[in-house]
Amino acid sequence: MPDSTLSSRTVLVTGATSGIGYETARKLAERGATVLLHGRTAEEAHAAADRLVATAGVDAARLCAFAADFAHLHEVEALADRIVAEHPHLDVLVNNAGIAAPERHTVTADGNEIAFQVNFLAHYLLTCLLEPALTSDPGGRVVNVSSALHRTASIQWSDPNRARRYSRLAAYAQSQLALTVFAADPRVTAVSVHPGVCDTALLPLYAHEGVTPAEGAAHVVRLCDPAVEIVNGAYYDRDTRVEPAPAASEDRTVKRLNKLADLLVGRSTA
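Here goes a summary of the coordinates provided. Remember, it's a predicted structure, so these values are computed and weren't measured experimentally.

### With respect to the overall build of the protein chain
Link 1 in the chain: Across its full length, the protein chain carries 7 helices and 8 strands.
Link 2 in the chain: In terms of C-alpha radius of gyration, the protein chain reaches 17 Å, essentially the compact-globule figure of 18 Å for 270 residues.
Link 3 in the chain: When the backbone C-alpha atoms are referred to their principal axes, the protein chain occupies close to 50 × 45 × 35 Å.
Link 4 in the chain: The buried share of the protein chain, reckoned over its 270 residues, is 53%.

This is how it looks when you write it as structure tokens:
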């Protein structure tokens, strides 16, 4: 049954082909939203859309498949260009796509440590480029799917690529802290959420068992609903608003992170 608060909304979900992203897309579509499904490849994105139509009875007209490999920033730029052209009014952006940092230090073609780029920098760039669509009407919002592991992290300002001392857990945690700090950016209304420890590909970073991706997705979907009031920069542990790590509410850190991110994604700041 379409839900009146979501039936006229257009939502982009990154990393929508599996796990929490797929379940978030499913729940939003079932409630009547138009869902833009992002996948690493066009094949994966179209397969996810086909699966939603076949298994969840979602109207195919409310699904649009998009592709971009976040390990290549030029693909993120092309994705943003296409979305702004086709959906100039975007209500919600769910920054969900994520990878576990690899065992060995890995740098993308853009020159960034891969987890930092895929989990944070690509979302930073995408959000900046989609800002005109997100702010075309009042009420546009961004939901960053973060992690409680952000509390264990520090941002290595002088070596964000962790070339000198690499640990996959520290690299992953840094990317989650950056995503959480970025939610406090005043340019668009944004929140971050730890959806709980879920049984997805990232589970080994946390524990041996977790709740279903659908249970995690429910906490993300709640924050997409315009009926749920949010405060810019707020951090949620599942359904409860809690204080994030101190760095995530420091203006100085937000500004410093934006400056670093602009440098790393090749955006010149005016």
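Read on, since the account is not over.
### Overview of the pattern of salt bridges
Link 1 in the chain: This structure, assessed with the given rule, holds 12 salt bridges.
Link 2 in the chain: Taking the shortest distance from any N to any O, the salt bridge between R31 and D225 comes out at 2.8 Å. Of this pair, R31 sits in the loop between α1 (19–30) and β2 (34–39) while D225 sits in the loop between α6 (213–224) and β7 (235–237), placing them 194 residues apart in sequence.
Link 3 in the chain: Of the residues examined, R31 reaches a relative accessible area of 22% and is grouped as partly exposed.
Link 4 in the chain: For E103, the salt bridge identified is with R168, shortest N-O distance 3.3 Å. With E103 in the loop between β4 (92–95) and α4 (114–134) and R168 in helix α5 (residues 168–182), the pair connects residues that are 65 residues apart, well separated along the chain.
Link 5 in the chain: Three or more residues are tied together by salt bridges with common partners; here these are E23, R26 and E30.

### Observations concerning the packing of α1 against α6
Link 1 in the chain: One way to put it is that α1 packs onto α6 with a least axis distance of 8 Å and a crossing angle of 55°. On the basis of their axis angle, the class for α1 and α6 is oblique. The hand of the α1/α6 crossing is right-handed. When α1 is examined against α6, the residues G19, I20, E23, T24, R26, K27 and L28 are found in contact with a partner set consisting of P213, A214, A217, A218, V220, V221 and C224.

### Section: the side chain of D225
Link 1 in the chain: Given a relative accessible area of 8%, D225 falls into the buried group.
Link 2 in the chain: A polar contact is formed between the side chain of D225 and the side chain of R31, at a distance of 2.8 Å.
Link 3 in the chain: Those residues in contact with D225 that lie beyond four places of it in its chain are T5, L6, R31 and R141.

### A short note on the side chain of H219
Link 1 in the chain: By the secondary structure assignment, H219 is in helix α6.
Link 2 in the chain: Among all residues touching H219, those that are not within four sequence positions of it are V193, P195, R238 and D239.

### Some remarks on the state of the cysteines
Link 1 in the chain: Considering all chains together, one arrives at 0 disulfides under this definition.
Link 2 in the chain: Free of any disulfide, C64 has its nearest cysteine sulfur in C224, 16 Å distant.

### Regarding the sheet that holds strand β8 (residues 240–242)
Link 1 in the chain: Spatially, the 8 strands line up as an open sheet ordered β3-β2-β1-β4-β5-β6-β7-β8, and their pairing is mixed. With partners counted over all chains shown, the strands left at the sheet margins are β3 (63–67) and β8, one partner each. For this sheet, the mean inter-axis angle between neighbouring strands, taken without regard to orientation, is 25°.
Link 2 in the chain: The pairing of strand β6 (residues 189–194) with β7 spans 3 bridges and is classified as parallel. Of the residues in β7, the one forming a bridge with H194 is D237.
Link 3 in the chain: Contacts from helix α2 (residues 42–56) reach β2 and β3 within the one sheet, and its direction differs from that of β3 by about 160°.

### Topic: unusual backbone geometry
Link 1 in the chain: Phi at R162 takes a positive value of approximately 55°, unusual for a residue other than glycine.
Link 2 in the chain: Position of R162 relative to the elements: it lies in the loop between β5 (141–145) and α5.
Link 3 in the chain: A relative accessible area of 7% means that R162 is categorised as buried.
Link 4 in the chain: Phi at R238 is positive, roughly 55°, even though this residue is not glycine.
Link 5 in the chain: Position of R238 among the secondary structure elements: in the loop between β7 and β8.

### A look at the pairing of β4
Link 1 in the chain: Burial along β4 is two-sided: the residues V92 and V94 and L93 and N95 are all buried.
Link 2 in the chain: Here 3 bridges tie strand β1 (residues 10–13) to β4, and the two strands are oriented parallel to one another. Pairing of L12 across the sheet is with L93, part of β4.
Link 3 in the chain: Where β4 and β5 come together, 4 bridges link them in parallel fashion.

Reading guide: rules and limits
Residues numbered from 1 in each chain as written. Predicted model: local features only at pLDDT ≥ 70, side-chain atom pairs only at ≥ 80, totals over all residues. Heavy atoms only, no water. Helix = DSSP H or I, 4+ residues; strand = E, 2+ residues; numbered from the N terminus. Rg over C-alpha atoms; globule rule 2.2 N^0.38 Å. Buried < 20%, exposed > 50% of the residue type's maximum accessible area, 1.4 Å probe, protein only. Salt bridge = Lys/Arg side-chain N within 4 Å of Asp/Glu carboxyl O. Axes fitted to C-alpha atoms, helices over the stretch in contact; angles between N-to-C directions. Parallel < 35°, antiparallel > 145°, perpendicular 65-115°, else oblique. Left-handed = near helix turned anticlockwise from the far one by under 90°. Contact = heavy atoms within 4.5 Å. Polar contact = N/O pair within 3.5 Å; in protein donor to acceptor, adjacent residues only side chain to side chain. Disulfide = S-S within 2.5 Å. Pairing = 2+ DSSP bridges.

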